[in-house]
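Now for the letters of each chain:
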Amino acid sequence: MSWSSLLKRHFWIYAASLLCGTGNMVEHIVGAEHITILEEAALVKTSEKNKLIVHDVIRAKGRSMSKFSRITNVQSLREATEDQLKQMKGVWLAEDESELEIEARHLISMRFSLRVLGLGKRIRFPRTLRVMIATVQSESESGNLQASKPRETQSNSSLEELTDLQKVKSLQQLPDGLHYLTALKTLILDEWDKLEELSDEVCQMSSLRKLSIRDGHSLRNLPNMFGLLSCLEELNLTNCKALCVLPDSFGELKSLKDLNLGECSELNELPSNFGELSSLEVLNLESCWKLEGLPPSFGKLSKLKKLSLQSENLKEFPSNFGELGSLVEFRCNYCGELKQLPETFGQLRSLTILDLTGCIKLKSLPSTLGKLSCLKDLSLLACHRLEALPSNIVELQSLELLDLRHCRSLKWCPPFPRGQDFTIRLPEHLTDSRSNLVYFPTAVEMKVQIVIGREIDPTTL
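About the criteria used
- Residues numbered from 1 in each chain as written.
- Predicted model: local features only at pLDDT ≥ 70, side-chain atom pairs only at ≥ 80, totals over all residues.
- Heavy atoms only, no water.
- Helix = DSSP H or I, 4+ residues; strand = E, 2+ residues; numbered from the N terminus.
- Buried < 20%, exposed > 50% of the residue type's maximum accessible area, 1.4 Å probe, protein only.
- Contact = heavy atoms within 4.5 Å.
- Salt bridge = Lys/Arg side-chain N within 4 Å of Asp/Glu carboxyl O.
- Polar contact = N/O pair within 3.5 Å; in protein donor to acceptor, adjacent residues only side chain to side chain.
- Core = buried A, V, L, I, M, F, W, Y, C linked by side-chain atoms within 4.5 Å.
- Pairing = 2+ DSSP bridges.
- Patch = residues over 30% accessible without salt bridge, like charges linked within 9 Å, V, L, I, M, F, W, Y side chains within 5 Å.
- Areas by Shrake-Rupley, 256 points an atom, 1.4 Å probe, with all protein chains shown as cover.
- Lys, Arg positive; Asp, Glu negative; His and termini not counted.
- Charge placed at Lys NZ, Arg CZ, Asp CG, Glu CD.
- Phe/Tyr/Trp six-rings, centres within 6.5 Å; stacked < 30°, edge-to-face > 60°.
- pLDDT = per-residue confidence, 0-100.

A word on the overall build of the protein chain
Looking only at helices and strands, the protein chain has 10 helices and 18 strands in total. Buried positions account for 50% of the 461 residues belonging to the protein chain. Expressed as a percentage of contacts within the protein chain between residues at least 6 apart in sequence, the contacts between residues at least 24 apart total 54%.

Right, here's the structure in full:
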């Protein structure tokens, strides 16, 4: 982003710091990347208590702008003139008053300038949003949009973000007309635990980049047309407990980078075209206990960097799993039915973290494990049936931690080269006598820190 563009953000950082105080909340409003740039220029900094402190330059920039560029209470909104409303960019209403309403005239005036709308727990959100939708819908259908105003012609509303709506828990469905909010980029519906389904209109929000329905306990399914959200980059469906299947069009989300399906405990399968998510970088499938497997197309996720997985029913991975060439972190925890990993696993040359904690039926590791040249952290904690490690594990030159605690059946460990420096955490049954191992050099010979239950000094062994 250019400095000229960043200067325009100065006011927002100043306003956000006054409004929210904490650094994390300010980052949510103005973007973490912009905070980083200004930190490097010594224009903002974060205190020990995570409070954002802004430089006088930014403060002066904020004060020089109209106080009506952002609104934080209904009273100020009511006092704003027509011209001031037309320049309004942000509205965050967090007052704890009863029966607060945003009047229709406010929404009509702000429809082409407003970027962010954050509503407090007492705001009448359903009526507010319906009024806004009705406003842009009426003007669009009546043909009042003037050709001399290209900005208005391209979009019936300038609203880009609907957020801070998690206190609204009474709606079972969104109001009609959402597709008229054509500029909307962020829609946060966290904790809407009575929302049962999304309408097809959501799929027509062509600019949408982030959609979060975290803790949507009643959400049963997504629209069949969900794949039309071609700009969607981040989708958070954490703890949508009733969601059991994703639509067939899901693989058409070509821009999707971050997908969180954690704690979707009823989800039992992924669509066959899941591997078509060509931009996917982060995938969370933790606590998806009923997930039975990954589709054969899964290996086509060439940009996937981080994968977290927990399932009681998953027994194996597709043979092309090793084609995930960008995978850096793989956590497969408590997959109680998993017995083996595919031999193609050794092709994961970018992998640095492999966590197989709690895979109690895993009996062996692939013979290609030694080819994971970047692997630093290997956790086999509580792999109860694991009897031996592959001999080529000693070729893992980048290895820093090997956790073997609670590997009750482990009988053999290959001899590591002298001089290799890393930490081994041993299972308890190998603590009293190392005679159970065919060969295990002394800590002094290996420069290995042997840990038994807790960190100890290797020179005391």
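Things to note about the pattern of salt bridges
This structure, assessed with the given rule, holds 11 salt bridges. Of the charged contacts in the structure, one is a salt bridge between Glu 276 and Lys 254, with a shortest N-O distance of 3.8 Å. With Glu 276 in the loop between β10 (258-260) and β11 (282-285) and Lys 254 in the loop between β9 (234-236) and β10, the pair connects residues that are 22 residues apart, well separated along the chain. Taking the relative accessible area as the measure of exposure, Lys 254 reaches 40% and is therefore partly exposed. With a shortest N-O distance of 2.7 Å, Arg 405 and Asp 403 are connected by a salt bridge. In this structure Arg 405 comes out as partly exposed when scored by relative accessible area, which is 23%. Note on Asp 403: relative accessible area 4%, which makes it buried. Because the salt bridges share partners, they merge into one network encompassing Asp 190, Arg 214 and Asp 215.

Things to note about the environment of Pro 295
Structurally, Pro 295 is set in the loop between β11 and β12 (306-309). As a C-alpha pair, Pro 295 and Ser 272 span 23 residues in sequence and 5.5 Å in three-dimensional space. Once residues lying within four places of it in the same chain are set aside, the contact partners of Pro 295 are Leu 270, Pro 271, Ser 272, Phe 274 and Pro 318.

Quick look at the side chain of Asn 284
Tracing the backbone through its elements, the reader meets Asn 284 in strand β11. Polar side-chain contacts of Asn 284 include one of 2.9 Å to the backbone nitrogen of Glu 286. Once you skip the residues sitting within four places of it in the chain, Asn 284 turns out to touch Leu 259, Asn 260, Leu 261, Gly 262 and Ser 308.

Things to note about the nonpolar core
Residues Leu 198, Phe 226, Phe 250, Phe 321, Leu 380 and Leu 402 are the most contacted members of the largest nonpolar core, which totals 86 residues. Those residues in contact with Phe 250 that lie beyond four places of it in its chain are Leu 222, Phe 226, Leu 235, Leu 256, Leu 259, Pro 271, Phe 274 and Leu 277.

Details of the pairing of β12
Where β11 and β12 come together, four bridges link them in parallel fashion. Bridge pairing in β12 links Leu 285 to Leu 309. Bridge analysis of β12 against strand β13 (residues 329-332) gives four bridges, and the strand direction is parallel. What sits directly across from Ser 308, in β13, is Arg 331.

Comments concerning a positive patch on the surface
Taken together, the side chains of Lys 315, Lys 339, Lys 363 and Arg 385 make up a positively charged region of the molecular surface. By the secondary structure assignment, Lys 363 is in the loop between β14 (353-355) and β15 (377-379).

Examining the packing of aromatic side chains
Tallying each qualifying case throughout the model produces nine aromatic pairs. Where Phe 250 meets Phe 274, the ring centres are 6.2 Å apart and the plane angle is 5 degrees; that geometry is what we call stacked. One end of the pair, Phe 250, is in the loop between β9 and β10; the other, Phe 274, is in the loop between β10 and β11, and 24 residues separate them in sequence. When sorted by exposure, Phe 250 lands in the same class as Phe 274, which is buried. In this structure an aromatic cluster arises from ring pairing among Phe 226, Phe 250, Phe 274, Phe 298, Phe 317, Phe 321, Phe 330 and Phe 345.

Here we look at the pairing of β13
Strand direction decides the pairing type here: β13 and β14, joined by three bridges, are parallel. The partner of Glu 329 across the bridge, within β14, is Ile 353.

Considering the confidence of the model for the protein chain
Of the residues in the protein chain, 59% reach a pLDDT of 70 or more, and the chain-wide mean stands at 75. Note that pLDDT drops below 50 for residues 63-68; the model gives that stretch six contacts with residues more than four away or on any other chain. Considering only residues more than four positions removed or in separate chains, one finds that residues 121-127, a stretch of pLDDT under 50, has 23 contacts.

Quick word on unusual backbone geometry
In most cases, non-glycine residues show a negative phi, while peptide bonds are predominantly trans. The phi dihedral of Glu 191 is positive, around 70 degrees, even though this residue is not glycine. Residue classification places Glu 191 among the partly exposed residues on the basis of a relative accessible area of 23%.

Observations regarding the environment of Phe 422
Examined against the element boundaries, Phe 422 turns out to sit in the loop between β16 (401-403) and β17 (423-425). Owing to a relative accessible area of 3%, Phe 422 belongs among the buried residues under this scheme. Counting along the chain gives 21 residues from Phe 422 to Leu 401, while the straight-line C-alpha distance between them is 5.8 Å.

Describing the environment of Phe 298
Within the secondary structure layout, Phe 298 lies in the loop between β11 and β12. Once residues within four sequence positions are removed from consideration, Phe 298 is found in contact with Phe 274, Leu 283, Leu 304, Leu 307, Pro 318, Phe 321 and Leu 324.

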